[in-house]
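Structure assessment
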Amino acid sequence: MESLKEDLKKQIIEQLNLEDLQVSDIDDDSLLFSADGVGLDSIDALELIVLMEKFYGIQVTNPEEGKDAFLTINTMADYIEKNRN
Amino acid sequence: MTYIGAEEIISPLGQNIQENFLAVCENRSGISLVPKVGFNNEDLHLAKMTSLTAEKKFEFLLVDMLENISVQIDPSVISSTKTLIILSSTKGDLDRDISNPFDPAVGALVKHFNLKNQPIIVSNACISGVLAINAANNFIKAGFYDHIIVIGCDVISDFVLYGFQSLFAVSALPCLPFDKNRSGITLGEGCSAVVVSNTKEIFKNLPLELLSGTSANDANHISGPSRTGEGLYRTIQKTIRQNNISADEIDFISAHGTATIFNDEMEATAFDRLNMANIPLNSMKGYFGHTLGAAGVMETAISMRMMRNNLLIKSLGYSEAGTSKSLNIATENRPSELNTILKTASGFGGCNASLLLRKL
Amino acid sequence: MSFITACCQISEEACAVNGNVIVRKDEQSADSWFKQLYKELALDYPKFYKMDMLAQAGFLASEFIKKAFPELVSSYADDEIALLFANSESSSDTDIRFKESFQKRKSPSPSLFVYTLPNIVLGELAIRNKFYGENMFAVFPKFAPEFFLQYGSVMLATGSKAVLAGWLNILKGKVEVSVFLIEENKADGLPFNKENIIKCVGLADQA
């Protein structure tokens, strides 16, 4: 699980072109879509959908499901664990 | 007083303003289904100029446009030291040189027409055209130039098409501005120009009056339209106040109307806040697609023809109200006294701009 | 009468405010040069990391000016500060990266695409500072001081009380950034004229 979270952070940094951020800058429970957290927005949500399919083979078709899943690194990791086979 | 005239358009609907305005009067669209152009090789609707295949197409469009303009005004104006060209474009000739999208074409234009002043390129997303016309007006009022030719031009590229596809912003059908079933933009390409001047006599046809225009930012989001329409609300309010015009003096609004869910909703919200919801309004995107940096100039040019002919042109693609605030969208062509009109534009970067035109 | 009351220049290795170097690039640092500058400002604005370099450049230079003049934003109404920016490279740096996303990586990146317009930096400054005023982004083959002088004067004559102006070139590692503030009716500062614009931008050789 811990390595999955590390991977996720790396993948988010790459997919969202956040080169200036390091894995250590993102906490497992910081709110990805909050201005006080990582400050992602709806455009970045599109990137996360691409990321889920590219790296984990998971298709997020229900945007509401995406909203809950993309809350934090922790929720993303849980979502991946539950949905990948 | 600042005059505006000599409006011109080159688009899929024609090589000059006459052909374009005729097509629009007949409610013909330049949009067609183009095979295998999408990122996944899908067929997509585009307002594409099929004749436009040369490598230097962007440059050729600019040269053709200035040729068109030269027959509508005193031809000596073009190479005068008191004349400036402002080019409005978002991506220029990106396919020719991605690191230098404007210089080669603009340089060729300068050489071809012996232009005396280095052209200015306004690259301010989808408000570029309206902003460029406003800048022209401001430059002339300040006395820096006597005449300014504003040319708006953008061509379709994989770059821009794939970009809008990546945002899920491209409509599967020809775009449906302000309609309930709208689902995104249809990209278009073309070139348009207007001449802004302090001298009425340079125009072969009677010009119109260009009133001062303004811009305002939403200060909200770089790609998402403001939910309150704040920037659009502010620029329109500033523009009408600066000119001492009230909403009931405006006969028609040439709106931006890209046909994305959020843009059209934003515009409806702003017009409603301004008590302008009952003013007849259209979007030209159903005819020309979204031509980005050319759009503001092209839609101003069509509005000028509408005023000259006192003819309200219907908003193509609209059939059923689809915004939370209702608007008075033109559903058919009809004769109408058009003395004062408002043109608006909104774009990425949260920018909004507006201008007013009035008959002499 | 209008005056240039503040300026910030950022090159590949140094950042200067009003002509005095305040930060030099630490070549040993693991952080990029712009991240070093962001840390120097000690701000909490994570959106910085999402911006492309053009937007970061405008953001950093304007924040250094604000740091030198903390009352700047609050002394004007929210639509009185106009933004007047220009460059010669448009958004080419990010355009190249977006093109790579669909040509090499076979997946057009929406988060890159939204930065493929040069005026996005104006949007970022407007969001950061709640600026609802005038915007203008223009592109020239080389630095054009006359444009800043002419259009800056136009903006001040048509309702704006101050103009935040910038010449920002970012391409393939090149960093050529100057942001300067033009204010009306200020007693101190450099008179707003062509010579002083060239001085502030530090590109006498190109002008």
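For every chain, the first residue of the written sequence is number 1, and numbering continues from 1 along that sequence. Chain letters start at A and ligand numbers start at 1, both assigned in the order the entries are written. Thresholds applied to this predicted model are a pLDDT of at least 70 for local features of residues and 80 or more for the giving and counting of side-chain atom pairs; totals over whole chains, interfaces and linings are not thresholded and use all residues. Note: side-chain values were computed over all heavy atoms of the structure, leaving out hydrogens and water.

For the rest of this paragraph, the subject is the overall build of chain A. Scanning chain A for helices and strands turns up four helices and zero strands. In chain A, the succession of α and β elements from N to C terminus is α-α-α-α. Expected size for 85 residues packed as a compact globule is a radius of gyration near 12 Å; at 12 Å, chain A falls within 12% of this value. Here the C-alpha coordinates of chain A stretch approximately 30 × 25 × 20 Å along the principal axes. Each residue is placed in one exposure class: buried if its accessible area under a 1.4 Å probe, protein chains only, is under 20% of its type's maximum, exposed if it is over 50%, and partly exposed if it falls in between. Buried residues in chain A amount to 49% of all 85 residues. A run of H or I in DSSP counts as a helix once it spans at least four residues, and a run of E counts as a strand once it spans at least two, with each numbered from the N terminus. Using C-alpha atoms as the atom set, the radius of gyration is obtained and then compared with a globule rule of 2.2 Å times the number of residues to the power 0.38.

Next up on the list: the interface of chain B and chain C. Should any heavy atoms of two residues lie within 4.5 Å, those residues are counted as being in contact. Listed by partner, the interface residues are 50 residues for chain B and 48 residues for chain C. Using a 1.4 Å probe, buried area is obtained as the accessible area two parts lose upon being combined, added over both of them. Considering only the side of chain B, the residues that lose the most area to chain C are B:Phe159, B:Ala219 and B:Ile222, jointly responsible for 16% of the buried surface there. Each salt bridge in this description consists of a side-chain nitrogen of Lys or Arg and a carboxyl oxygen of Asp or Glu lying within 4 Å of one another. Our enumeration of links across chain B and chain C arrives at three salt bridges. For the salt bridge of B:Arg234 with C:Asp78, the shortest nitrogen-to-oxygen distance reads 2.9 Å. Here a polar contact means two N or O atoms within 3.5 Å. Within protein one must be a hydrogen donor candidate and the other an acceptor candidate, and residues neighboring in sequence count only if both atoms are side-chain atoms. Applying the counting rule to chain B against chain C returns 20 residue pairs in polar contact (both at pLDDT 80 or more). Within the residue set of the side of chain B that touches chain C, elements represented by two or more residues are β5 (120–122), α4 (128–141), α5 (158–166), β8 (208–217) and α6 (230–242) of chain B. It is α5(B) that contributes the most residues to the side of chain B that touches chain C, six residues altogether.

Bringing a nonpolar patch on the surface into the picture now. Patch construction takes residues with relative accessible area above 30% that form no salt bridge. Like charges are linked within 9 Å, and nonpolar side chains (Val, Leu, Ile, Met, Phe, Trp, Tyr) are linked within 5 Å. Surface accessibility in these figures is a Shrake-Rupley result with a 1.4 Å probe; residues are shielded only by whichever protein chains are displayed. On the surface, B:Met1, B:Leu206 and B:Leu360 cluster together into a nonpolar patch covering about 320 Å² of accessible area. You can call B:Met1 exposed: its relative accessible area is 57%.

Moving on to the side chain of C:Ser101. Residue and element names in this part refer to chain C. Summarising the element assignment, Ser-101 is placed in helix α4 (residues 92–103). At 3.0 Å, the side chain of Ser-101 and the backbone nitrogen of Ser-109 are in polar contact. What Ser-101 contacts, discounting residues up to four positions off in sequence, is Lys-106, Ser-107, Pro-108, Ser-109 and Leu-112.

Turning next to the interface of chain A and chain C. Residue-level contacts link 20 residues of chain A with 18 residues of chain C. When chain A packs against chain C, the two sides together hide about 1500 Å² of surface, and 45% of this comes from carbon and sulfur. At the surface where chain A touches chain C, the tally comes to four salt bridges. On the surface where chain A and chain C come into contact, there are 11 residue pairs in polar contact (both at pLDDT 80 or more). For the side of chain A that touches chain C, the element with the highest residue contribution is helix α2 (residues 42–56) of chain A, accounting for five residues. Per-class residue counts for the side of chain A that touches chain C are nine nonpolar, five polar and six charged. Basically, the charged four are Asp, Glu, Lys and Arg, the nonpolar ten are Ala, Val, Leu, Ile, Met, Phe, Trp, Tyr, Cys and Pro, and anything else, Gly included, counts as polar.

By themselves these figures say nothing about function.
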